[in-house]
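Read off the chains here:
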Amino acid sequence: MAKIAVVSMVKNEADIIESFVRHALTFADVLLVADHQSTDGTRDILQALAAEGLPIRIELLAMVEQAQSEVVTALMQRALSEEAADLVLPLDADEFLLPDDEAADVDSVLQALPLDRVYSLAWVRYALDAPTQAADAFLLRRPCHREAQVEPLRKVLVGREAAMKTQLRISQGSHVAVIAGAAGPLALEAEPVVGVHLAHFPWRSEVQAASKAACGWLANVAKYSRYTDIANHWRRDFTALLLGERLPALPLKAPVAASIPTSCWEVTLRYTKPEAGALANVLRFGEALADAYAAQQVVQRQRHVDFLLPCFGDAPELSERLQNVWQQTYPYRNVFVLAMDGADFARLSSLTKPLTGVTVMDGTADMASMFARLAKAASGAYVQWVFPGDRLQPVKVQRMLVSLERQPELMFVLSNAASLPAVPGPLRVERDLPLDGELFIKGNGLELWQYLLRSGVLPSGGIASVLFRRETMERTGWLQSAFAGGRPLYLSMWGQVLPQAIVGVFGEVTLRSPGTVRTADDFVWQQLEWFCLLEEQGKAGSGALSPTYREGKRAFRARASAAAAFQDQVTPQLYAQYQAIL
């Protein structure tokens, strides 16, 4: 059986994306979809479908330009290499593969195709009879008509052997497969597929048409400039909108009743809702374009970021973190692997040797010397820590760096994490920072530190949620004193970086973190650290009388029952030390 993959780049398709995905997966084994900065809920629907367990691989694009050829070609290559696909079908979200008649079967037609060829599929325009009715129903169950004749343009379908042999790429619009020729791109000859066609629903409502034309043309300009003949249909509609004209559906030239087999009807939608206004999508996309312009100006300065990856002996986990760092969209970086107490320096050096720009620093015997060497070797203007289990989103560093470059009063920026640690509730000490729905807030670091000290909690994203200016690391000795016997003391880290800082907090998460507490031992260690910091606070002047000290001590004692419930999971010597301070 040939494995079939559908690949697609989508943007603002909330009215149709669920119908598209559920239908495509009736004949495809896997769907690779790249969301191109959707602003209408498309991304949420895709993630909900993936959460159901459907075989969807979602990529979130950071670019704003309409780089469809490049993105779809990359998706095709991923389908071939990572999914072992035999046939790859690039589709837009408004295209549905249907049999030509009731007797035909889509899967049977596809399975019969040899894999050493490039194919073309007939493209037929369809139109809904009542676009404003039953908008939340499965698209193929809604009454519609179609053109009697197929369109002159066709859509491409690629066999595995043909793709491997020719190094082809998919054209803009996915109409042909091309290879590099002496005089420019050369379209490969494609064999027509008989028995199936693509039902194309380009117009579903006037709101959808206006949003598609406006956002589509702006994305096209971002790639090619205004002076291009690519996507002229979007240019025409964009111009009409500028002139205050409407975008009604183009009538079918020779309409005939669409006969959609009943086998295609058995789909129920769960997430499709009334579509957002076109103006809202255009405004959000305009904001994304302006944001991309600001980012471009900053990236051109080539300010380097030092990535610091402490390793405590788990080399496979370190490999995952290194891969995650290389996925960052920001290209100017230096990477330092810190072999902490218990790490195998020789093994880590061997692991990272093939990688350019990675330095392994040995701290297994002398931590102070390692941090001194780090201070001399690190040359970046910014510093990003990545601890075991932390996974940064690809855009994290660039997004935060742009914010810091444009706001010099900020010492660092941070965000919440996508998930809290999977530990029993009473042991959880990470907490999201309250933002009240704001996209970004600026705050006093000392106030945040006092809140952490009073409550004994840590920001959910940990230190990896922060992008620091180099000056902060220099002021705190690169956090060397916040490692005890190689173990990171996270609350102490916050105590060093927060009190003298003006900080910015992102309303959107920029990473996934397992949290600092994963076992009962970790919890007790964190409680001991908290106690010591409170005692330091109490000894400082009239600190024992301060609200921070008094409230912190009350919260510390209240949490003792949580540790008692998990006493049998704590190292006896460690628990005895904890009991002594209680």
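Above this text is the structure in question.
It should be emphasised that the depicted structure is a prediction, and the values quoted were computed from it without experimental measurement. (Residues numbered from 1 in each chain as written. Predicted model: local features only at pLDDT ≥ 70, side-chain atom pairs only at ≥ 80, totals over all residues. Heavy atoms only, no water.)

A.B. asks: Teacher, can you tell me more about the pattern of salt bridges here?
C.D. replies: Side-chain pairs of opposite charge can arise where the charged atoms are in close proximity. Counted under the stated rule, the structure contains 30 salt bridges. As a salt-bridge pair, Glu 18 and Arg 22 come within 3.0 Å of each other at their nearest N and O atoms. Note that Glu 18 and Arg 22 are positioned in helix α1 (residues 17-24) at a spacing of 4 residues, about one turn of the helix. A relative accessible area of 0% means that Glu 18 is categorised as buried. Arg 125 is the partner of Glu 147 in a salt bridge, and the nearest nitrogen-oxygen pair spans 3.5 Å. One end of the pair, Glu 147, is in strand β7 (residues 144-147); the other, Arg 125, is in strand β6 (residues 118-128), and 22 residues separate them in sequence. Judged on exposure class, the residue Glu 147 and its partner Arg 125 are both buried. One salt-bridge network, held together by shared partners, links Glu 13, Asp 15, Arg 204 and Lys 212. (Salt bridge = Lys/Arg side-chain N within 4 Å of Asp/Glu carboxyl O. Helix = DSSP H or I, 4+ residues; strand = E, 2+ residues; numbered from the N terminus. Buried < 20%, exposed > 50% of the residue type's maximum accessible area, 1.4 Å probe, protein only.)

A.B. asks: Please explain the environment of Val 429 as it appears in this structure.
C.D. replies: Considering the arrangement of structural elements, one finds Val 429 in the loop between β19 (412-415) and β20 (430-431). With a relative accessible area of 0%, Val 429 lands in the buried category. Sequence-distant contacts of Val 429, that is, excluding residues within four places in its chain, are made with Gly 456, Val 457, Leu 458, Thr 516, Val 517, Phe 523, Gln 526, Gln 527 and Arg 559. (Contact = heavy atoms within 4.5 Å.)

A.B. asks: How do you make sense of the pairing of strand β17 (residues 382-385) when you look at a structure like this?
C.D. replies: Within a regular strand, the side chains alternate between the two sheet faces. Going residue by residue along β17, you find Tyr 382 and Gln 384 tucked away on one face and Val 383 and Trp 385 tucked away on the opposite face as well. Strand direction decides the pairing type here: strand β14 (residues 305-311) and β17, joined by 4 bridges, are parallel. Across the sheet, Phe 307 pairs through a bridge with Gln 384, a residue of β17. Where β17 meets strand β23 (residues 467-469), 2 bridges bridge the pair, whose relative direction is antiparallel. Residue Tyr 382 lies in a different strand from β23, and its bridge partner there is Arg 469. (Pairing = 2+ DSSP bridges.)

A.B. asks: Where do I start with the sheet that holds strand β10 (residues 177-181) in this structure?
C.D. replies: As a general point, the strands of a sheet are linked pairwise by backbone hydrogen bonds and lie either parallel or antiparallel. If you walk across this open sheet you meet the 3 strands as β9-β10-β11, and the pairing is antiparallel. The open sheet has two free edges, formed respectively by β9 (169-170) and β11 (184-187), since each of these has just one partner strand. Examined bridge by bridge, β10 and β11 share 4 bridges and lie antiparallel to one another. For Ala 180, the partnering residue across the bridge sits in β11 and is Pro 185.

A.B. asks: So what exactly am I meant to see when it comes to the nonpolar core here?
C.D. replies: Most often, soluble globular proteins keep nonpolar side chains buried together rather than apart. Grouped together as the largest cluster of nonpolar side chains are 60 residues, with contacts concentrated most on Leu 374, Trp 385, Phe 412, Phe 468, Trp 494 and Leu 498. Top contributing element to this core by residue count: helix α16 (residues 520-539), with 8 residues. Counting residues in hydrophobic clusters, the runner-up holds 51 residues, among them Ile 4, Val 6, Ile 16 and Ile 56. (Core = buried A, V, L, I, M, F, W, Y, C linked by side-chain atoms within 4.5 Å.)

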